[in-house]
Amino acid sequence: MASLEHVFHAVAFVENLSLKDLAGAFESSRRAGYELIVPLSAGATAFLYPFGAVVFHGASAAARAEFLERLRRARPGLTTAVIQEEFTVREDPEQPLGVERGVLAIDRLTAARAGVVALIVGQSASMEYYENIVEQMFARTGQLVDRLEKAGTVSWRTRPLHRFIGEAVSTRSEVLSVLHLLDKPDATWDDPAMNEIYADLRAEFDLLDRYGAMESKLRSVQEGLELVLDVARDRRIVLLEGTVVLLIVIEVALSLLRH
């Protein structure tokens, strides 16, 4: 039997996707857990995930472009895809199961197995988007801490700092919200081979280590911002106390002058 190759193409967006709203826009779609499955022409399939990723299985470039155009009409305001990623699955019963040179070898690709592969590829694309954001936040925090180290103080303008803190908290919450999507899919419990495939795919895309690195950087960002905010708050308290003392001195001086 000749081997068959299946290509999974993932795109990730800045915005999240409401599967409930999109289900009504695609009449042939089927909701399954945390994904929306939409059959396309020529046996292709699109998998939509709430964390802003769409994964195509077996879809041509033209079919992908047509579907994304339909998605933009159904979800106004959707930006251009910021991350794209591809992964190949080789269906060959004569090859041993596993990932080699970036290609997954499998005896047969069922619909359930395709869903697990799509989930991992979609998570990886979404993770890369969050990694870029966290890296930018880490660099911005480093600049604030470097200024504090060199000058011994921070700027009087705290509003940009407060906005940055709000952005950091929001990003951290968003990253943590996709953690449950790293749990093992139900399909792996019913298929021992899929359980092995799932482990190999997670290792191939290094999802857990990447998430751990992001979480570590987010903690560093949080600690750095707390330090900078404490210094800014202390500086304002000192200014307030100095102003109060100055007003008392002025009041005493004026009282003495009147007498």
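See the structure shown above.
Note that this is a predicted model, so its numbers are computed, not measured.

Undergrad: How would you explain the pattern of salt bridges if you had to name every residue and give the values?
TA: Applying the stated rule across the entire model yields 5 salt bridges. Put simply, Glu 131 and Arg 210 hold a salt bridge, and the shortest N to O gap is 2.8 Å. With Glu 131 in helix 3 (residues 111-151) and Arg 210 in helix 7 (residues 207-258), this pair connects stretches of sequence that are 79 residues apart. By relative accessible area, Arg 210 is classed as buried at 16%. We note a salt bridge from Lys 217 to Glu 135, for which the minimum N-O separation is 2.2 Å. With Lys 217 in helix 7 and Glu 135 in helix 3, the pair connects residues that are 82 residues apart, well separated along the chain. Glu 135 gets classed as partly exposed once you look at its relative accessible area, which sits at 39%.

Undergrad: How would you summarise the pairing of strand 4 (residues 45-49) if you had to cite specific residues and measurements?
TA: Most of strand 4 is tucked away: 5 of the 5 residues are buried. The alternating pattern of strand 4 places Thr 45, Phe 47 and Tyr 49 on one face and Ala 46 and Leu 48 on the opposite face, and all of these are buried. Of the pairings in the sheet, the one linking strand 3 (residues 35-39) to strand 4 comprises 4 bridges and is antiparallel in character. When the bridges of strand 4 are listed, Leu 36 appears paired with Leu 48. The antiparallel pairing of strand 3 with strand 4 creates a hairpin that spans 5 residues between the two strands, and Ala 42 there sits at a positive phi of about 60°. In textbook terms, the turn of a hairpin is the stretch between consecutive antiparallel strands, and for strand 4 and strand 5 (residues 53-57) this stretch comprises 3 residues, one of which, Gly 52, has a positive phi near 90°.

Undergrad: Account for the nonpolar core, naming residues and giving values.
TA: Counting residues in hydrophobic clusters, the biggest one holds 42 residues, and the most contacted among them are Phe 8, Tyr 49, Phe 87, Val 89, Val 117 and Leu 201. Apart from residues no more than four positions distant in its own chain, Phe 8 is found in contact with Val 55, Phe 56, His 57, Glu 85, Glu 86, Phe 87, Val 89, Leu 109, Ala 114, Val 117, Ala 118 and Val 121. Of all hydrophobic cores here, the second largest spans 20 residues; its members include Phe 13, Ala 46, Val 54 and Ala 59.

Undergrad: Residues and numbers for the side chain of Arg 64, please.
TA: Relative to the helices and strands, Arg 64 is located in helix 2 (residues 61-74). There is no salt bridge for the buried Arg 64, and the closest opposite charge comes from Glu 86, which lies 4.5 Å off by N-O distance. Excluding residues that lie within four positions of it along the chain, Arg 64 makes contacts with His 9, Phe 56 and Ala 59.

Undergrad: If you had to explain unusual backbone geometry to someone new, which residues and values would you point to?
TA: Phi at Arg 101 is positive, roughly 55°, even though this residue is not glycine. For Asp 206, which is not glycine, the phi torsion reads 55° and is therefore positive. When you line up the elements, Asp 206 lands in the loop between helix 6 (192-205) and helix 7.

Reading guide: rules and limits
- Residues numbered from 1 in each chain as written.
- Predicted model: local features only at pLDDT ≥ 70, side-chain atom pairs only at ≥ 80, totals over all residues.
- Heavy atoms only, no water.
- Salt bridge = Lys/Arg side-chain N within 4 Å of Asp/Glu carboxyl O.
- Helix = DSSP H or I, 4+ residues; strand = E, 2+ residues; numbered from the N terminus.
- Buried < 20%, exposed > 50% of the residue type's maximum accessible area, 1.4 Å probe, protein only.
- Pairing = 2+ DSSP bridges.
- Core = buried A, V, L, I, M, F, W, Y, C linked by side-chain atoms within 4.5 Å.
- Contact = heavy atoms within 4.5 Å.
- Lys, Arg positive; Asp, Glu negative; His and termini not counted.

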